[in-house]
Amino acid sequence: MVPFRFVHAADLHLDSRFAGLSHIPVPVRDYLREAAFAALGRLVAVAAEEEADFVVISGDVYDSADSSLQSQLRFHEALLELSRNGIAVFLIHGNHDPLDGPRLHMELPDGVTVFGADTPGQVTVVRRSDGREAAVVSGLSYPTSKVTENTSLRYRRKEGSGLFHIALLHANVDGDPAHETYSPCTRRDLIDSGFDYWALGHIHKRRILHERPYIVYPGNIQGRSVKETGPKGCYVVDVDGSGIAGLRFRELDEVRFLIRDISIDGMVRETEWIEAVEQSVEEIRALHPEMMSVVRFRIIGRGVVHRVLAEKGASGDLLDELRRREALRAEQGLFRGLVWTEGFSLESGTEVDRERLLAEDSFLGEMMRMAAESAEDGKALDELARPALAPLAENRELRRLLAEVGEDDMRAWLMRAAETAVTLLSDVMEPEEESHPFLESRNRQGGR
């Protein structure tokens, strides 16, 4: 077996819309629209810089079956660039870009293989430097957007070959509840298959599920919402002469999504909270000076200032001000280091003796005990939340949105409802506000 190197990427989702972002000025919107294409350009650059022998892309090149002309042309341009560098490309289509979707009929560049949907294809790959056989790559595309069969069971090693075997699979391994259960399979199915490396796609969170054989999700190349936080990119995989693989992650994202906690523990005045948020914005800017960041601030902890944040329009007003400042940077073309605040998630609470409240025989005590029990028990959470949400399901659009709600979302709603009840029913006194230029302006306008 000869040593070789390849790049494993998946879930490019070209043309994807960024979720949860509102009131975005045109320059910022245009920059976000280009983010996935910029990440694709970096993928091509990494493959060339690393002198990879080939690239594998494990599904969902596009974000929808009827992908735009622009995304198809940009992807074709990327394939041409890899071909000019002598880097072969092997790809499959997934549930977002199945083979039955309408698409331009463009001739594939030399060295590009798109696997079909009938049976897993097999291609023997040669090393670029000397043309020696290095690996066997197999793959199977989605014929339609919904594949419920365990397609991993259809993969077979090439008979009589002692080469390193790589399988491209777009699938939900072990039933990840955050993603559709398309092409469902288990880790054991893949381990027992005889393949040396499973190049997975579909799950957007980077994960190495197993080593020897490697079972790998590289995640998507560009985050699309605050549900897809942290670095996004691809794996560079080096296989030595003994068939042992080593992985290195390479960042590709143009825009980084983040969640940052702001604790109100001990805070008495609203200005303390404002200053903490402004300081966090500047810390993020310093941490990621070469890219744009999109951040959601989670307000956590317990303090007197919670009542002010819960009852007044402070968070909305500060959000508008933070966005105004960053919009001015965007108008000047200063996207590197730009920090766009996606919003505030109020998860803090008023100052109460929570342990005493949980123990007392009262309405609040019973409510807090029920919320705590449901937050820890998924079944109890479902039994409590689903009937409460049932009236909303009478509206078709709300029913569609509720179908996408996960356990974490329901748990957050439950705890928020409990904290709101405590705030409204407790006797915690509201502190006086300290004057601040931002607050004075809001007060003069009568608040919100």
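All figures in this text were calculated on a predicted structure; none of them were measured in a lab.

Peer 1: Can you help me understand the sheet that holds strand β4 (residues 112-114) in this one?
Peer 2: Hydrogen bonds along the backbone pair up the strands of a sheet, which may run parallel or antiparallel. The strand order across the open sheet built from six strands is β4-β3-β2-β1-β11-β12, with neighbouring strands paired in mixed fashion. Taken across any chain shown, the strands that pair with only one partner, and hence form the sheet edges, are β4 and β12 (245-251). Geometrically, the sheet is characterised by an average inter-axis angle of 20 degrees between neighbouring strands, direction not taken into account. Pairing geometry for strand β1 (residues 4-9) and strand β2 (residues 54-58), over four bridges, is parallel.

Peer 1: Explain the pattern of salt bridges to me, please; I cannot follow it from the model alone.
Peer 2: Side chains that differ in sign of charge can pair as their charged atoms come close. Throughout the structure, instances matching the rule amount to 29 salt bridges. For the salt bridge of Asp 30 with Arg 33, the shortest nitrogen-to-oxygen distance reads 2.9 Å. Here Asp 30 pairs with Arg 33, and both are found in helix α1 (residues 26-49), just three residues apart, close to one helical turn. With a relative accessible area of 36%, Asp 30 lands in the partly exposed category. Judged by relative accessible area, which is 47%, Arg 33 ranks as partly exposed. Arg 285 is paired through a salt bridge with Glu 326; the nearest N and O atoms lie 3.0 Å apart. Of this pair, Arg 285 sits in helix α4 (residues 270-287) while Glu 326 sits in helix α6 (residues 314-331), placing them 41 residues apart in sequence. The pair Arg 285 / Glu 326 is uniform in exposure class, with both members buried. Several salt bridges converge on common partners, so that one network encompasses Arg 5, Glu 49, Glu 50, Asp 238, Arg 248 and Arg 250.

Peer 1: Would you take a moment to explain the confidence of the model for the protein chain for this structure?
Peer 2: Fine structural detail should not be taken from predicted coordinates in areas where pLDDT scores are low. When the pLDDT values of the protein chain are averaged, the result is 88; 88% of them are 70 or greater. A low-confidence stretch, residues 427-448 (pLDDT under 50), is modelled with 40 contacts involving residues beyond four sequence positions or located in other chains.

Peer 1: Just checking my understanding: could you explain the nonpolar core for this structure?
Peer 2: For soluble globular proteins, nonpolar side chains are generally found buried alongside one another. If you look at the biggest cluster of nonpolar residues, it comprises 29 residues, and the most contacted ones within it are Val 7, Leu 12, Leu 14, Val 55, Ile 57, Phe 75 and Val 89. Mapped onto this core, the elements with two or more residues apiece are β1, α1, β2, α2 (69-84), β3 (88-92) and β11 (233-239). Apart from residues lying up to four places away in sequence, Val 89 is in contact with Val 55, Ile 57, Leu 79, Leu 82, Gly 111, Val 112 and Thr 113. The next biggest cluster of nonpolar side chains, apart from the first, holds 24 residues, and it includes Phe 6, Val 125, Val 216 and Val 237.

Peer 1: Quick question: what am I supposed to make of the environment of Leu 322 here?
Peer 2: Assignment of secondary structure puts Leu 322 in helix α6. Overall, Leu 322 belongs to the buried group, its relative accessible area being 6%. For the pair Leu 322 and Val 281, spaced 41 residues apart in sequence, the C-alpha to C-alpha distance is 8.9 Å. Leu 322 has contacts with Val 277, Val 281, Thr 341 and Phe 344, leaving out every residue within four places of it along the chain.

Rules behind the numbers
- Residues numbered from 1 in each chain as written.
- Predicted model: local features only at pLDDT ≥ 70, side-chain atom pairs only at ≥ 80, totals over all residues.
- Heavy atoms only, no water.
- Pairing = 2+ DSSP bridges.
- Helix = DSSP H or I, 4+ residues; strand = E, 2+ residues; numbered from the N terminus.
- Axes fitted to C-alpha atoms, helices over the stretch in contact; angles between N-to-C directions.
- Salt bridge = Lys/Arg side-chain N within 4 Å of Asp/Glu carboxyl O.
- Buried < 20%, exposed > 50% of the residue type's maximum accessible area, 1.4 Å probe, protein only.
- pLDDT = per-residue confidence, 0-100.
- Contact = heavy atoms within 4.5 Å.
- Core = buried A, V, L, I, M, F, W, Y, C linked by side-chain atoms within 4.5 Å.

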